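Summary of structural features
Each chain is listed here by its residues.
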Amino acid sequence: PQAKLIFSMSLLLGTTITISSNHWMMAWTGLEVNTLAILPLISKSHHPRAIEASTKYFLVQATASTLLLFSSASNAWFTGQWDITQLTHPVSCTLLTTAISMKLGLVPFHFWFPEILQGSSLMTSLLLATIMKFPPTILLLLTSPSLNPTLLSMMAIASAALGGWMGLNQTQIRKIMAFSSISHLGWMIIILIYSPKLTLITFYIYSLTTAAIFFTLNSTNTLKLSTLMSMWSKIPTLAAALMLTLLSLAGLPPLTGFLPKWLIIQELTKQELTTMATTIALLSLLGLFFYLRLAYCATITLPPNSVNHMKQWHTNKSIDMLTSILITLSTMLLPLSPTILTIP
């Protein structure tokens, strides 16, 4: 417990240092603290898959941090500025975009993310999909006026396409959630230049919905589609709530997940980028297909008799308060959208 507390506090510390810093060296320090704090949490189970995942994560994050430091140092060399908001040199901007894309898992630097989520526990996967993506996203927001819109748009559309396409043939739920994360990152990045506030709203709602799904899966110890099929016979109310949460993550009205997609398409249309808005809206249909498959497995399908996983005879029927609150917020927040949008 003491070690877990230290690592959790280090995660909070690293995130706080990065999002509150003006100097590139401090931002880099925060990212490194984050990386070193999450590594023991990934390798906690001592399973070979977990050790492999932590090694991969360390190598990818170290490479990305080196690139980030190199881009900020080269910008300081050319302009004499170490301020995060003063990133103006074109080469430094491209290097920074590459470094942050690698940290986030954007296409074409996405290969590590599904493998690492598959090797981690459900709660560590939740940290990797939400909290660990917050500091790099904030760095992108701070430098957004200097970044290349064409490059970001191409990466965003590629992420939305690949996230939806690769999620179609997965049976492991953690891998499906990883490709879902890549797809949602595409939505966040495509609007970054035009409305950074919308990127933050999308990130918050994505984190909320993903947390609700991971907490639900953790309470039923569900890792595969075949295990998900037996949820309805054990906890029908939780299975129905999981179905609604998955549809919210897919972005179906009148659930909460519809809000960011609706606003992003509206903003892109205002910026006269109708083709881009249409493309990313059509690509989200791929993601909708596998969310519907998950929802179908959770609520309608009963498993066949020859199930090759261990039966869970004694399931914990109690649902904790945090899971209930997260599910409620991730499905019923749409009526409060005018209040959310007026927050400065």
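What counts and how
- Residues numbered from 1 in each chain as written.
- Predicted model: local features only at pLDDT ≥ 70, side-chain atom pairs only at ≥ 80, totals over all residues.
- Heavy atoms only, no water.
- UniProt positions renumbered as here; feature names shortened; annotations may be inferred.
- Helix = DSSP H or I, 4+ residues; strand = E, 2+ residues; numbered from the N terminus.
- Expected span 1.5 Å × (residues − 1).
- Buried < 20%, exposed > 50% of the residue type's maximum accessible area, 1.4 Å probe, protein only.
- Patch = residues over 30% accessible without salt bridge, like charges linked within 9 Å, V, L, I, M, F, W, Y side chains within 5 Å.
- Areas by Shrake-Rupley, 256 points an atom, 1.4 Å probe, with all protein chains shown as cover.
- Salt bridge = Lys/Arg side-chain N within 4 Å of Asp/Glu carboxyl O.
- Domains from an automatic or database assignment.
- Contact = heavy atoms within 4.5 Å.
- Buried area = accessible area lost by both parts, 1.4 Å probe.
- Core = buried A, V, L, I, M, F, W, Y, C linked by side-chain atoms within 4.5 Å.

In the nomenclature of an unreviewed UniProt entry, the protein chain corresponds to NADH-ubiquinone oxidoreductase chain 2 from the organism Myiarchus tyrannulus. UniProt, in its Sequence similarities (unreviewed entry) section for the protein chain, records the words "Belongs to the complex I subunit 2 family."

We now examine helix α9 (residues 173-190). Over its 18 residues, α9 extends 26 Å from the first C-alpha to the last, a length consistent with the 26 Å expected when each residue adds 1.5 Å. Extensive coverage of α9 is indicated by the burial of 18 of its 18 residues.

For the bond running from Val107 to Pro108, omega is 10 degrees, close enough to zero to count as cis. For Asn221, which is not glycine, the phi dihedral falls at a positive 55 degrees. Counting through the fold element by element, Asn221 comes out in the loop between α10 (196-220) and α11 (225-228). Not every positive phi belongs to a glycine, and Glu272 is a case in point at roughly 60 degrees. Inspection of the secondary structure assignment puts Glu272 in the loop between α14 (258-270) and α15 (274-299).

So, about a nonpolar patch on the surface. On the surface, Leu5, Met9 and Leu12 cluster together to form a nonpolar patch covering roughly 320 Å² of accessible area. Looking at the secondary structure, you find Met9 in helix α1 (residues 2-19). Overall, Met9 belongs to the partly exposed group, its relative accessible area being 49%.

Another aspect to go through is the domain arrangement of the protein chain. Parsing the protein chain into structural domains produces domain 1 (1-108) and domain 2 (148-343). Placing the centre of domain 1 and that of domain 2 at their C-alpha centroids yields a distance of 26 Å. In this complex, domain 1 contributes seven residues to the contact, which on the side of domain 2 involves ten residues. Area buried by domain 1 at its contact with domain 2 is led by Thr97, Leu106 and Val107, which between them contribute 66% of it.

Let's shift gears to the pattern of salt bridges. All told, the structure shown has three salt bridges when counted by the stated rule. Put simply, Glu115 and Arg49 hold a salt bridge, and the shortest N to O gap is 4.0 Å. Residue Glu115 is located in helix α5 (residues 112-119), and its partner Arg49 is located in helix α3 (residues 48-79); the two are separated by 66 residues in the primary sequence. Between Glu52 and Lys56 there is a salt bridge, and its shortest N-O distance comes to 3.1 Å. Of this pair, Glu52 and Lys56 both sit in helix α3, four residues apart, roughly one helical turn. Exposure remark for Lys56: the relative accessible area of 31% places this residue in the partly exposed category. Residues participating in the shared-partner salt-bridge network are Arg49, Glu115 and Lys175.

The subject of this paragraph is the nonpolar core. Soluble globular proteins tend to pack their nonpolar side chains together in the buried interior. Counting residues in each nonpolar core, the largest one holds 102 residues, and the members touching the most others are Tyr57, Leu128 and Leu228. The leading source of residues in this core is α10, at twelve residues. The contacts of Tyr57, once residues within four sequence positions are left out, are Thr35, Ile38, Leu39, Ile42, Trp112, Ile116, Leu128 and Met132.

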